[in-house]
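# Observations on the three-dimensional arrangement
So you can see what is in the structure, the chains are spelled out below.
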Amino acid sequence: MTVPPSHPTSSQLEERIGAAVAEGRSALIAYLPVGYPDVPTSIEAMVAAVEGGADVVEIGVPYSDPGMDGPTIQEAVDVAVRAGVGMADVLSAVSAVAAAGAVPVVMSYWNPIERYGVDRFAADLAAAGGAGAITPDLVPDEAGPWIAASDAAGLDRVFLVAPSSTDARLAMTLAACRGFVYAASTMGVTGTRATVGGTAQTLVARTREADPDLAVCVGLGVSDGDQAAEVAGFADGVIVGSAYVRQLLDGHGPAGVRALSEDLAAGVRRR
Amino acid sequence: MTTTAPVPPPDASLTRPRPEWPDATGHFGPYGGRFVPEALIAALDELSEAYEAMRVDPVFLVEFERLHRDYTGRPSPITEVPRFAEHCGGARVLLKREDLNHTGSHKINNVLGQALLTKRIGKQRVIAETGAGQHGVATATAAALMGLDCTIYMGEEDTRRQALNVARMRLLGAEVIPVTTGSRTLKDAINEAFRDWVTNVGTTNYVFGTVAGPHPFPAMVRDFQRVIGDEARAQVLEREGRLPDAVLACVGGGSNAIGIFTAFVPDEGVRLVGLEAGGDGVETGRHASSITGGDPGVLHGARSYLLQDANGQTIESHSISAGLDYPGVGPEHSYLHDIGRAEYRPVTDSQAMEAFALLCRTEGIIPAIESAHALAGAIALGRELGPDSLLLVNLSGRGDKDVETASAWFGMAEHTAPTDDDERAVEAGRGAEPGPPLGDADDTTVQDGDAL
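Counting restarts for each chain: residues are numbered from 1 in the order of the written sequence. Written order determines the labels here, with chains lettered from A and ligands numbered from 1. Reporting in this predicted model follows two pLDDT cut-offs: at least 70 for local features of residues, and 80 or more for side-chain atom pairs to be given and counted; totals over whole chains, interfaces and linings ignore these cut-offs and use all residues. Think of the side-chain values as coming from all heavy atoms in the structure, minus any hydrogens and water.

This next bit is on the overall build of chain B. In this description a helix means any DSSP run of H or I spanning at least four residues, a strand means any run of E spanning at least two, and both kinds are numbered starting from the N terminus. The secondary structure content of chain B amounts to 18 helices and 15 strands. Per-residue burial over chain B gives 66% buried out of 452 residues. Any pair of residues with heavy atoms lying within 4.5 Å of one another is described as a contacting pair. Intrachain contacts of chain B at a sequence separation of at least 6 include 76% that bridge at least 24 residues. Accessible surface computed for chain B: about 14500 Å², of which carbon and sulfur atoms make up 52%. Throughout, exposure labels follow a simple rule: accessible area from a 1.4 Å probe, protein chains only, divided by the maximum for the residue type, with under 20% read as buried, over 50% as exposed, and the rest as partly exposed. Note on areas: Shrake-Rupley, 1.4 Å probe, and residue coverage restricted to the protein chains presented here.

Let us look at the overall build of chain A. For chain A, the count of helices and strands is 12 helices and nine strands. Throughout, radius of gyration means the C-alpha value; the globule benchmark is 2.2 Å times the number of residues raised to the power 0.38. Relative to the 2.2 N^0.38 estimate, which gives 18 Å for 271 residues, the radius of gyration of chain A is 17 Å and therefore close to what a compact globule would have. C-alpha extents for chain A along the principal axes are approximately 45 × 40 × 30 Å. Relative to its full complement of 271 residues, chain A shows a buried share of 62%. In chain A, 16 positive and 32 negative side-chain charges are present, and the distance between their average locations comes to 2 Å. Counted as positive: Lys and Arg. Counted as negative: Asp and Glu. His and the chain ends are not counted at all. The location of each charge is read from NZ of Lys, CZ of Arg, CG of Asp or CD of Glu.

Turning our attention to the sheet that holds strand β7 (residues 175-179) of chain B. In any sheet, the strands associate via hydrogen bonds between backbone groups, in a parallel or an antiparallel arrangement. Residues and elements named next belong to chain B. Spatial strand order, β7-β6-β5-β8: four strands in an open sheet with parallel pairing. The strands lining the two open edges of the sheet, one partner per strand, are β7 and β8 (204-206). Looking at each pair of strands side by side, their axes are set apart by 25° on average, direction ignored. The pairing of strand β6 (residues 149-155) with β7 spans five bridges and is classified as parallel. Pairing between strands requires that DSSP locate at least two bridges from one strand to the other. Only the stretch in contact is used when a helix axis is fitted, and all axes are lines through C-alpha atoms; the angle between N-to-C directions ranges over 0 to 180 degrees.

Another aspect to go through is the packing of helix α2 (residues 38-54) of chain B against helix α10 (residues 217-225) of chain B. All names here are of chain B. At their nearest, the axes of α2 and α10 sit 11 Å apart, and the two run at 30° to each other. As judged from the angle between their axes, α2 and α10 are roughly parallel. Where α2 crosses over α10, the two elements pack in a sense that is left-handed. Here Leu44, Leu47, Tyr51 and Met54 of α2 lie close against α10, whose contacting residues are Phe217, Met220, Asp223 and Phe224. Our angle categories are set so that under 35 degrees counts as roughly parallel, over 145 as roughly antiparallel, 65 to 115 as roughly perpendicular, and the remainder as oblique. Two helices cross in a left-handed way if the nearer one is turned anticlockwise from the farther one by less than a right angle. They cross in a right-handed way if the turn is clockwise.

Next up on the list: the UniProt feature "domain: Tryptophan synthase beta chain-like PALP" (unreviewed entry) in chain B. UniProt's feature table lists "domain: Tryptophan synthase beta chain-like PALP" (unreviewed entry) at residues 73-397 of chain B, given in the numbering used throughout. Taken as a whole, residues 73-397 of chain B contains 42% helix and 22% strand, while its terminal C-alpha atoms sit 14 Å from one another. UniProt positions are given in the numbering used here, feature names are shortened, and annotations may be inferred rather than shown by experiment.

All names here are of chain B. Assigned domains within chain B: domain 1 (28-74 + 107-217) and domain 2 (78-102 + 225-406). Computed over C-alpha atoms, the centres of domain 1 and domain 2 are 22 Å apart. Of the residues lining the interface, 38 residues belong to domain 1; the matching set on domain 2 comes to 42 residues. Computed with a 1.4 Å rolling probe, the buried area is the accessible surface lost when two parts are put together, summed over both parts. Taken together, both faces of the contact between domain 1 and domain 2 bury some 3200 Å²; the carbon and sulfur share is 59%. Considering only the side of domain 1, the residues that lose the most area to domain 2 are Tyr31, Arg74 and Val211, jointly responsible for 22% of the buried surface there. A salt bridge links Glu231 to Arg74; its shortest N-O distance comes to 2.8 Å. Here a polar contact is taken to be a pair of N or O atoms separated by no more than 3.5 Å, where protein atoms must pair a possible hydrogen donor with a possible acceptor and residues adjacent in sequence count only if both atoms sit in side chains. The interface formed by domain 1 and domain 2 holds 12 residue pairs in polar contact (both at pLDDT 80 or more) in total. Those elements that place two or more of their residues in the side of domain 1 that touches domain 2 are β2 (31-32), α3 (58-72), α5 (107-120), α6 (134-146), α7 (156-161), α8 (163-171) and α9 (186-200). The element that contributes the greatest number of residues to the side of domain 1 that touches domain 2 is α9, accounting for five residues. Reported domain spans reflect what an automatic or database domain assignment gives. Salt bridge, as applied in this entry: a Lys or Arg side-chain nitrogen positioned within 4 Å of an Asp or Glu carboxyl oxygen.

Okay, the packing of helix α8 (residues 167-176) of chain A against helix α9 (residues 198-210) of chain A next. All names here are of chain A. The N-to-C vectors of α8 and α9 enclose an angle of 65°; their axes lie 10 Å apart at closest approach. Regarding α8 and α9, the two cross each other, and that crossing is right-handed. Across the interface between the two elements, Asp167, Leu170 and Leu174 from α8 touch Leu203, Arg206, Thr207 and Ala210 from α9. Of the residues in the contact of α8 with α9, the class split is four nonpolar, one polar and two charged. In this classification, Asp, Glu, Lys and Arg are treated as charged, Ala, Val, Leu, Ile, Met, Phe, Trp, Tyr, Cys and Pro as nonpolar, and every other residue, Gly included, as polar.

In this complex, chain A contributes 36 residues to the contact, which on the side of chain B involves 34 residues. Taken together, the two surfaces of chain A and chain B that pack against each other cover about 2700 Å², and 43% of this comes from carbon and sulfur. When the area that chain A buries against chain B is broken down by residue, the three leading residues are Asp65, Arg115 and Glu142 of chain A, summing to 23%. Between Glu114 of chain A and Arg303 of chain B there is a salt bridge; the shortest N-O distance is 2.4 Å. Counting across the interface, chain A meets chain B through 22 residue pairs in polar contact (both at pLDDT 80 or more). Top element by residues in the side of chain A that touches chain B is helix α5 (residues 110-116) of chain A. It accounts for five residues. Grouping the amino acids of the side of chain A that touches chain B by side-chain chemistry returns 17 nonpolar, 10 polar and nine charged.

Once that is clear, we can look at the environment of Gly233 of chain A. Assignment of secondary structure puts Gly233 of chain A in the loop between α10 (225-232) and β9 (237-240). As for Gly233 of chain A and Arg193 of chain A, which are separated by 40 residues in sequence, their C-alpha atoms are 18 Å apart.

Quick look at the UniProt feature "active site" (unreviewed entry) in chain A now. Following the UniProt record, the feature "active site" (unreviewed entry) maps to Glu58 and Asp69 of chain A here. Looking at the secondary structure, you find Glu58 of chain A in strand β2 (residues 56-60). When residues no more than four places from it in sequence are discounted, the contact partners of Glu58 of chain A are Ile29, Ala30, Tyr31, Leu32, Val105, Met107, Ile134, Tyr182 and Ile239 of chain A. Asp69 of chain A sits in the buried class, given a relative accessible area of 7%. When sequence neighbours within four positions are dropped, the list of residues in contact with Asp69 of chain A reads Gln74, Tyr109, Val189 and Thr190 of chain A together with Arg195 of chain B.

Structure representation (structure tokens):
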């Protein structure tokens, strides 16, 4: 593949995460899917996450075959898929999160973006105020059209690295990222875990060695303020997904999401 | 009549020249590739490298050939079916008898190769997805033979309609996990298997059942299955002194079809015809015809034709045949379709079941319902091509597993209490109407095949 120019300037994500790091803390990145339990409530929940202290919201695009997600996110997303939630709803959520003062970044498996049209997606996302997209099942090797479209629209693009990534793949993936790189803390799917473990720390260290300038955010497994504090000790950003979704599944609504954000936001400040 | 080379030993298949596709990164034109989480890339690279070394390793080739011959019973024979062919417009019909393989279908060809590969890379556990249960049974069989731990993911819906195969897998020592997410069928079983793999990739190999999924699976499974066509091409040449006019096979994911097509791809005069599951009819939206009724997108790690809605969500497929009830198709089929080298046609549940009954009654062979789709294709194509045409049909599996579904379809199950299978069979194709009495099937009631 052609390696694109390494993370040019004017990245919303880079600026926001950089500002958090400058404050001596990590950024808090909250994931919530659009459409659970319904579109308006899911957007309310995202705004509540921001009010509770999230710096960035990962806005999840519902997908019928979420191969990287565990049971918690599957359960919520399945409801949204069956309700026919689509990209128009996602773009509404992007605008709402931007208006609430956080940086919106879309998290989507590749097919919904390809189906919507890659160039159209990039243009509409930029127009809605989105920073870019995280693509969990798109590796840079297959990302030619997305790299071109995100460059043209000035969007960030976040690829994943994993404990199993070779040094060569780390370097190639980091060069294709802009905004931050998503470090999957463990080998596995999304879901809360009792411990996040040392593999995440090792992966972050390898990533920093390969590219000291790119922010590294860690996802998979963080569920509370204490775990957030632990991860904040070595990462630029802490990504929390299933624990937020769990608040909604258990009926705690946007208030529960806000409370969790407050706990996590305190965590990323006591690293 | 000229005589040509005898049936080659199966191991020759792996060292033969392959089609010029896929490229080094697994692309068949715009299709294929790897659309997977980064966490799986290392395992896929490991598989690719180990497989490329294994396929030219004489020790492996000798072992693979021995298993084909002594364990599976290869080469599988060719059977001419003249009484069945009376319904095919005067065409002659030859069946490639993959139904006679150990475990009852072509699936064993692939799993023996992948089980040997598992041992070669030093992993002790295999996982697999299964729809009809044929691939699950084959994987459980190979795991038992080679002393590997085995876990099979199967949609809960499919565990009900293929209960016999669930029992077979458990007898063989495999753990069968019913999948209750999504549509509870094959596509969801594949999602669960990928989730297991990404979590346990250090100890576990994923034995993928068809020519879909991320690279290297489409090319590797093709290599393991091409023995079908390599044998059949030589067998037909030897007995007929000519190539067939058309080669027909059912297509779900498409492994038996690629298996029989590959040897014939360079033979420009031979039509390659894939029969997709048309369910209630492509026009009803209740079908599994990914190429005929779908369009390109990404599913399960590769770009290919698939059934999807305007939001890019996978649409649940419908077919009376659990093994074809899949909303995607292997990327090589998408490519062969686009370049015009193969053609794909839908066969409805009704057409498939008529062909099923016809083969039972005229030839004493109970086919898998999957394979009955290919037989229905032969009825239609034979009538198009007319007398003296020669059709080669891949009879990819036997119908023992389908006896309950067929009994329900043909209204033969009155003596037993209704089961979920009965309801499923009725629901799958007929609404409240029972199927036609089986006795009618030999009375040339076969439809004209307009939908074909």
